Amino acid sequence: MSDPKDDDILPPEVDPNKHLLGVREIRATNAAEAKTVSRVRGFEIITDEKTGTNIGPSPLETVLSALVGCEGVIINRCAKMMNFRYSNVDFECDGWVDGRGSRGVVGVRPHFQRVALKIILTTNEPNERLAKLRKNVELRCPVMNLLKDADVQLDVAWETRPA
């Protein structure tokens, strides 16, 4: 965690002394195959495997999608707090996993070993403000921190392109 006395850290958006626990509800069905159909609020999400019916991303691919989606939300939130102007953000995200882990080889982690994430912002903001945005996004992003806590090697690169 970053030092709360760090001047680059944005103030909390909520009262830090009041718990703000939220529940995310998912209901799912799996009919004894690789495909699982999940229901989230009014949405249906299908996960599958290439070796299954291949009609949806794999569960690990959805983790990468969750990472870039979460980064997008937190970038937007922090940018608004900073009055940081950007018109677009693109992501490139790759994850490496040793398939032996999910196939029962003891000592091989069944989750990602490494994730490489490139974040490309369309902005004319100076590098100092980009560094402040990055520091706050990486501090606040729940999915990124979940991967860090799982000891996944995260290689994150931020780039800009002119607006």
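Note that this is a predicted model, so its numbers are computed, not measured. (Residues numbered from 1 in each chain as written. Predicted model: local features only at pLDDT ≥ 70, side-chain atom pairs only at ≥ 80, totals over all residues. Heavy atoms only, no water.)

What follows concerns the environment of valine 40. Here valine 40 is to be found in strand S2 (residues 36-40). You can call valine 40 buried: its relative accessible area is 18%. Considering only alpha carbons, one finds valine 40 and glutamate 25, 15 residues apart in sequence, at a separation of 6.6 Å. With residues near it in sequence (within four places) discarded, valine 40 still touches Glu25, Ile26 and Ile45. (Helix = DSSP H or I, 4+ residues; strand = E, 2+ residues; numbered from the N terminus. Buried < 20%, exposed > 50% of the residue type's maximum accessible area, 1.4 Å probe, protein only. Contact = heavy atoms within 4.5 Å.)

What follows is about the packing of helix H1 (residues 59-82) against helix H3 (residues 142-149). Any two packed helices are characterised by the angle at which their axes cross and by the distance between the axes. Where H1 meets H3, the axes come as close as 7 Å, and the angle between the chain directions of the two elements is 130 degrees. Compared by their axis directions, H1 and H3 come out oblique. Only Pro142, Val143, Met144 and Leu147 of H3 make contact with H1, whose side of the interface consists of Val63, Ala66, Leu67, Cys70, Glu71 and Ile74. (Axes fitted to C-alpha atoms, helices over the stretch in contact; angles between N-to-C directions. Parallel < 35°, antiparallel > 145°, perpendicular 65-115°, else oblique.)

A word on the sheet that holds strand S5 (residues 112-122). The strand order across the open sheet built from three strands is S4-S5-S6, with neighbouring strands paired in mixed fashion. At either margin of the open sheet sits one strand with a lone partner, and together these are strand S4 (88-97) and strand S6 (153-161). Taking the axes of each pair of neighbouring strands and ignoring which way they run, one obtains an average angle of 10 degrees across the sheet. (Pairing = 2+ DSSP bridges.)

Right, let's talk about the state of the cysteines for a bit. Scanning the model with the defined rule gives zero disulfides in all. Here cysteine 70 is not cross-linked by a disulfide; its sulfur's nearest cysteine counterpart is in cysteine 141, at 3.4 Å. (Disulfide = S-S within 2.5 Å.)

Ile75, Leu121, Leu133 and Trp158 are the most contacted members of the largest nonpolar core, which has 27 residues in total. Of all elements in the fold, only H1, S5, helix H2 (127-140), H3 and S6 reach the threshold of two or more residues within this core. For tryptophan 158, the contacting residues outside a window of four places in its chain are Glu71, Ile75, Ile119, Leu121, Leu130, Leu133, Arg134, Val137 and Glu138. (Core = buried A, V, L, I, M, F, W, Y, C linked by side-chain atoms within 4.5 Å.)

The next thing to look at is the pattern of salt bridges. One pass over the structure, following the stated rule, counts 12 salt bridges. Across the salt bridge formed by arginine 100 and aspartate 98, the nearest N and O atoms sit 2.6 Å from each other. When its relative accessible area of 45% is taken as the criterion, arginine 100 is described as partly exposed. Among the residues examined, aspartate 98 registers a relative accessible area of 24% and is labelled partly exposed. (Salt bridge = Lys/Arg side-chain N within 4 Å of Asp/Glu carboxyl O.)

Attention now moves to the pairing of S2. Most of S2 is tucked away, with four of its five residues classed as buried. Summarising the sheet, strand S1 (residues 26-30) and S2 pair through five bridges and their orientation is antiparallel. Across the sheet, residue asparagine 30 finds its bridge partner in S2, namely threonine 36. Counting the residues in the hairpin turn of S1 and S2 gives five residues, including alanine 32, whose phi is positive at 55 degrees. With five bridges connecting them, S2 and strand S3 (residues 43-47) associate as antiparallel partners.

In the contact formed by H1 and H2, the axes pass within 9 Å of each other and the chain directions differ by 130 degrees. Overall, the two elements H1 and H2 adopt an arrangement that is oblique. In this structure, the crossing between H1 and H2 has a hand that is right-handed. Facing Glu71, Ile74, Ile75, Arg77, Cys78, Ala79, Met81 and Met82 of H1, the residues of H2 in contact are Arg129, Lys132, Leu133, Asn136, Val137 and Arg140. (Left-handed = near helix turned anticlockwise from the far one by under 90°.)

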